Amino acid sequence: MDLKSQINIEKLPRHIAIIMDGNGRWAKQHGKPRVFGHRNGVTAVRETTEAAAELGVEYLTLYAFSTENWNRPKLEVSALMRLLVDTLHKEIETLNKNDIRLQAIGDITKLPGSTYKALLEGIENTKDNKRMTLVLALNYSSKWEIMEASRRLAQQVEAGVLRPEEIDEEIFAGALNTSGMPDPELLIRTSGETRLSNFLLWQVAYAELYFTPIFWPDFRKENFYTAIIDFQQRERRFGKISEQLVQ
Ligand code: IPE
Ligand code: IPE
Ligand code: MG
């Protein structure tokens, strides 16, 4: 039986987040510079986005550039930023055709001007699309996001529009970049690394984590389906015991 038909559409995660990792090692394996890996990673982005939209996933968040990634060699960073601009320009039409809305999380104002501009254009041009939301995490750092949220709430308290005792999980989540989005139920990381690397720390509090040794440029629809099937076989207990869960 093919993988796709093994997925229970009734129990699909509403939000899937992916740490796309392993581009550099993939390139090395092929005897090529790291940028070659990033370029080939775009195919995996396309495949995954298409697969998620076809299945009916509501939100797909892709970790594309972390705040820590600025520490990479200058040439790699500038190549990544250029690749982002090119990819955004090329793919917006496809996103529109597939009714996919683009959004971003992270400190995007600090991106180079051309990247920021391409991103804002992409967001604006797809804003009315309804089928799925594709969220790009760019210059994203979860600790930064949590800090910013705390600062914003503190300012509201100072301005007298919020009382400290009113701050609950809902209000705090509403001050994060992901405000209005459901928390990811499934987090996938490729390349065999088993860490979160400052990604969505608040939001993945109860997510199922799925690690695969596959390098991101090799990630295809079948690998995405396999992750969802694995997710659907898990028992999500949320602190309760097995017997308390209604089937
Ligand atoms: C992930 O691949 C892409 C980005 C972080 C932008 P890497 O570039 O981290 O690849 P590895 O981990 O060095 O193989
Ligand atoms: C995490 O990957 C960031 C992205 C996928 C964009 P890294 O490859 O930068 O993570 P670390 O530094 O190895 O943890
Ligand atoms: Mg990496």
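Structure shown above.
Calculation criteria
- Residues numbered from 1 in each chain as written.
- Chains lettered and ligands numbered in written order.
- Predicted model: local features only at pLDDT ≥ 70, side-chain atom pairs only at ≥ 80, totals over all residues.
- Heavy atoms only, no water.
- Pairing = 2+ DSSP bridges.
- Helix = DSSP H or I, 4+ residues; strand = E, 2+ residues; numbered from the N terminus.
- Axes fitted to C-alpha atoms, helices over the stretch in contact; angles between N-to-C directions.
- Polar contact = N/O pair within 3.5 Å; in protein donor to acceptor, adjacent residues only side chain to side chain.
- Contact = heavy atoms within 4.5 Å.
- Near = heavy atom within 4 Å.
- Areas by Shrake-Rupley, 256 points an atom, 1.4 Å probe, with all protein chains shown as cover.
- 1 Å grid on protein atoms, 1.4 Å probe; cavity = no way out; pocket = protein on both sides within 12 Å on 5 of 7 lines; lining within 4 Å.
- Sits in = over half its atoms within 2 Å of the grid points.
- Nonpolar A, V, L, I, M, F, W, Y, C, P; charged D, E, K, R; others polar.
- Phe/Tyr/Trp six-rings, centres within 6.5 Å; stacked < 30°, edge-to-face > 60°.
- Lys NZ or Arg CZ within 6 Å of the ring centre and 35° of its normal.
- Parallel < 35°, antiparallel > 145°, perpendicular 65-115°, else oblique.
- Left-handed = near helix turned anticlockwise from the far one by under 90°.
- Points joined across faces, edges and corners; volume = space filled by probe spheres on them.

Points about the sheet that holds strand S5 (residues 186-189)
Move 1: The strand order across the open sheet formed by six strands is S3-S4-S2-S1-S5-S6, and the pairing between neighbours is parallel. Unpaired on one side and paired on the other, strand S3 (100-105) and strand S6 (208-211) mark the two borders of the sheet. Geometrically, the sheet is characterised by an average inter-axis angle of 20° between neighbouring strands, direction not taken into account.
Move 2: Judged from the four bridges that link them, S5 and S6 form a sheet pairing that is parallel. Among the inter-strand pairings, Leu-187 is bridged to a residue of S6, identified as Leu-209.

So, the side chain of His-38
Move 1: By secondary structure assignment, the location of His-38 is in helix H2 (residues 34-55).
Move 2: Reaching out from His-38, the side chain makes a polar contact with the side chain of Asn-23 at a distance of 3.0 Å.
Move 3: Look past the residues within four positions of His-38 in its chain and what remains in contact with it is Asn-23, Arg-72, Glu-76, Leu-80 and Leu-83.

With respect to the site of ligand 1
Move 1: Surveying the vicinity of ligand 1 reveals the residues Met-20, Asp-21, Gly-22, Asn-23, Gly-24, Arg-25, Arg-34, His-38, Ala-64, Asn-69, Arg-72 and Leu-80.
Move 2: A distance of 2.9 Å separates an oxygen atom of ligand 1 from a polar side-chain atom of Asp-21.
Move 3: Within the backbone of Asn-23, a nitrogen or oxygen atom sits 3.1 Å from an oxygen atom of ligand 1.
Move 4: For ligand 1, whose unbound accessible area comes to 380 Å², protein coverage reaches 86%.
Move 5: Cavity membership is defined here by more than half of the atoms lying within 2 Å of grid points; on that basis ligand 1 lies in the largest pocket.
Move 6: Of all the secondary-structure elements, those providing two or more residues to the shell around ligand 1 are helix H1 (23-29) and H2.
Move 7: Here the shell around ligand 1 is built from residues that sort into three nonpolar, five polar and four charged.

Details of the packing of aromatic side chains
Move 1: Taken as a whole and assessed by the stated rule, the structure comprises eight aromatic pairs.
Move 2: Ring centres of Trp-26 and Phe-36 lie 5.6 Å apart, and the angle between their planes is 20°; this geometry places the pair in the stacked category. With Trp-26 in helix H1 and Phe-36 in helix H2, the pair connects residues that are ten residues apart, well separated along the chain.
Move 3: Three or more aromatic residues joined by ring pairs form one cluster here, namely Tyr-63, Tyr-140 and Phe-199.
Move 4: Seen from the ring of Phe-36, Lys-32 lies directly overhead, with NZ or CZ sitting 4.6 Å from the centre.

Regarding the packing of H2 against helix H3 (residues 74-97)
Move 1: Two numbers describe how H2 lies on H3: the axes approach to 11 Å, and their chain directions differ by 25°. Here H3 runs roughly parallel to H2, going by the angle between their axes. Between H2 and H3 lies a crossing whose hand is right-handed. On H3, the residues that touch Arg-34, Val-35, His-38, Arg-39, Val-42, Arg-46 and Thr-49 of H2 are Glu-76, Ala-79, Leu-80, Leu-83, Thr-87, Glu-91 and Leu-95.
Move 2: Class assignment for the residues of the contact of H2 with H3 results in six nonpolar, three polar and five charged.

Concerning the layout of surface pockets
Move 1: Here the largest pocket defines a volume of roughly 930 Å³.
Move 2: In terms of lining, the largest pocket is formed by 41 residues, of which the most central are Met-20, Asn-23, Tyr-63, Ala-64 and Phe-65.
Move 3: Secondary-structure elements contributing two or more residues to the lining of the largest pocket are H1, H2, strand S2 (59-66), H3, S3 and strand S4 (132-140).
Move 4: Here the element with the most residues in the lining of the largest pocket is H3; it accounts for nine residues.
Move 5: Residues belonging to the lining of the largest pocket are distributed by class as follows: 19 nonpolar, twelve polar and ten charged.

Section: the site of ligand 2
Move 1: Around ligand 2 sit Ile-19, Met-20, Asp-21, Tyr-63, Ala-64, Phe-65, Ser-66, Asn-69, Arg-72, Arg-189, Arg-195 and Ser-197, and those are all the residues in its vicinity.
Move 2: Between Asn-69 and ligand 2, the recorded distance is 2.9 Å, taken from a side-chain N or O atom to an oxygen atom.
Move 3: Separating an oxygen atom of ligand 2 from a side-chain N or O atom of Ser-197 is a distance of 2.6 Å.
Move 4: Alone, ligand 2 offers 380 Å² of accessible surface; in the complex the protein occludes 78% of this.
Move 5: The cavity that encloses ligand 2 is the largest pocket.
Move 6: At four residues, the largest contribution of residues to the shell around ligand 2 is made by S2.
Move 7: Broken down by class, the residue content of the shell around ligand 2 amounts to five nonpolar, three polar and four charged.

Geometric values such as these leave the question of function open.
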